[in-house]
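# Examining the three-dimensional arrangement
Here is how the chains run, residue by residue.
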Amino acid sequence: GDGVPDAMVFEEDVDGDGVADVSGIVADLDGDGELDVLVQENSAQSIWGDLDGASHVADSSAYSSDVIGSVLTDLGFPGYTEVYEVNGTPESEMLYLDQQNDPMSCVVAASSSICNSMGIPISEEVLADILQENGVYDPIRGSDIGILDDVLNDLAIANDLDFRAQTVTGLDIDNLKTMLDGNVKILIGLDSFDLIADPMSRMLNDVGILPGSMGHAVQLIGIENTSEGNFAVINDPGVPDGAGKRIPMDVFMDAWEDKDHAAVLMSNTQTMASVLAETSADSGITLGGSRKPL
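Residues numbered from 1 in each chain as written. Predicted model: local features only at pLDDT ≥ 70, side-chain atom pairs only at ≥ 80, totals over all residues. Heavy atoms only, no water.

Turning to the nonpolar core, a few remarks are in order. Ranked by internal contacts, the top residues of the largest apolar core, which has 27 residues, are Leu 176, Ile 186, Ile 188, Leu 220, Phe 252 and Leu 265. When residues of this core are assigned to their parent elements, the largest contribution, five residues, is made by helix α11 (residues 249-257). If near-sequence neighbours (up to four positions away) are discounted, Phe 252 is found in contact with Leu 176, Ile 188, Leu 190, Leu 220, Ala 232, Ile 234 and Ile 247. Of all hydrophobic cores here, the second largest spans 26 residues; its members include Cys 115, Ile 120, Ile 122 and Ala 165. (Core = buried A, V, L, I, M, F, W, Y, C linked by side-chain atoms within 4.5 Å. Buried < 20%, exposed > 50% of the residue type's maximum accessible area, 1.4 Å probe, protein only. Helix = DSSP H or I, 4+ residues; strand = E, 2+ residues; numbered from the N terminus. Contact = heavy atoms within 4.5 Å.)

When pLDDT is averaged across the protein, the result is 74; 61% of the residues are at 70 or more. Low pLDDT, under 50, characterises residues 38-74; the stretch is placed with 90 contacts to residues that sit more than four places away or in other chains. (pLDDT = per-residue confidence, 0-100.)

Quick look at a negative patch on the surface now. A cluster of acidic side chains, namely Asp 98, Glu 125, Asp 129 and Glu 133, defines a negative patch on the protein surface. In this structure, Glu 125 sits in helix α6 (residues 124-133). (Patch = residues over 30% accessible without salt bridge, like charges linked within 9 Å, V, L, I, M, F, W, Y side chains within 5 Å. Areas by Shrake-Rupley, 256 points an atom, 1.4 Å probe, with all protein chains shown as cover. Salt bridge = Lys/Arg side-chain N within 4 Å of Asp/Glu carboxyl O. Lys, Arg positive; Asp, Glu negative; His and termini not counted. Charge placed at Lys NZ, Arg CZ, Asp CG, Glu CD.)

Every buried residue of helix α7 (residues 148-158) is accounted for by Leu 148, Asp 149, Val 151, Leu 152, Asn 153 and Ala 156. For α7, the secondary structure elements touched by its buried residues are α5 (106-117), α6, β7 (164-169), β8 (185-191) and β12 (263-267). Asp 160 sits one or two residues past α7 and shows a positive phi near 55°.

For the coordinates displayed, the defined rule picks out one aromatic pair. With a centroid separation of 5.8 Å and 35° between ring planes, the pair formed by Phe 252 and Trp 256 is classed as tilted. Of this pair, Phe 252 and Trp 256 both sit in helix α11, four residues apart, which is roughly one turn of that helix. Accessibility expressed as a relative area gives 0% for Trp 256, which makes it buried. (Phe/Tyr/Trp six-rings, centres within 6.5 Å; stacked < 30°, edge-to-face > 60°.)

In C-alpha cells form, the structure reads like this:
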C-alpha cells in the first residue's frame, strides 16, 4: 500500500517481430521504494538477425516504429540545401552507403562506405578480413573502434594512400558541424536501442528501469537546422533503406552519449592534421576512444 509496485514484469519488442527483445523482472526487494532489477535479457542478436547462418541481413522492421517513421526520410530532393540549413553534404554521401553483410559488421560496412566515398575502393568483404586479422572485428562480438584507426592508418601507409583516421571521444555538436563542413568523414558509435525505441522506453532505459544497450555504428553525413527542429542525418548500414535517415537531434544525442560520444574521423592527411590541431585545444576531447564493442 506504499504506492510503489512490489514487482513488475516488462517486455519490449523493439523490432516488431512479435518476440520480446528486451525483457526482465523488477521488484522492490529492499523496500526502499525503488524497483531493483532482478533478471534482464537484452538480445541485440534477435533484432539484427540470427548468427546461425540462416540470416545475414539486418531486419528492416527494426525501424518500422510509427514514433520515428515520420522523420526517417530519404534526402536528395531538388533544392535540398536551399530549403534547410545543412552542415555537410548528405545528398552526395548517401550515394555511397553499403548495407552491412552480417549482423555485427556495422563498423566494417560504415568504414568501407566512407573509404569508397573518398575514392578508395575497398569492399566490406576485404575490409572485414583485414579488420578481423588485426583484432578489430569479431563476427560474434562486433568491432572495437578504439583501435580501428590504427589498422586503417597502417593499411593506408602500406598502400601509399592519402588517408588518415583518428578515434576520438568527447566531441560535441559544434565539433561535428565544423568537421562536416571541412569534409571530414565521421563514423559514429551509437546505442541503437535509443534510435528504435519509443520515447517512454527511452526514458525508462535512461533511468535504469528498462535495461537495454545495442552498440551500433553509422556514418554521420549531415546536420540539419530546420523550422521543424534539428536533425542528425545518417547513413545506417543496418537497414536496407539506411541512406540519408533523419534522426531528431535529441534522440541522436541520447544514443551517442551512451557510447561515450565516440567517433572515428577519416579524411586526407592535411585535413586531419588541421582538425586534430584545432580539437586538441579542447580539454573535453580525448584522442583514442571507447573500447565498447559496436
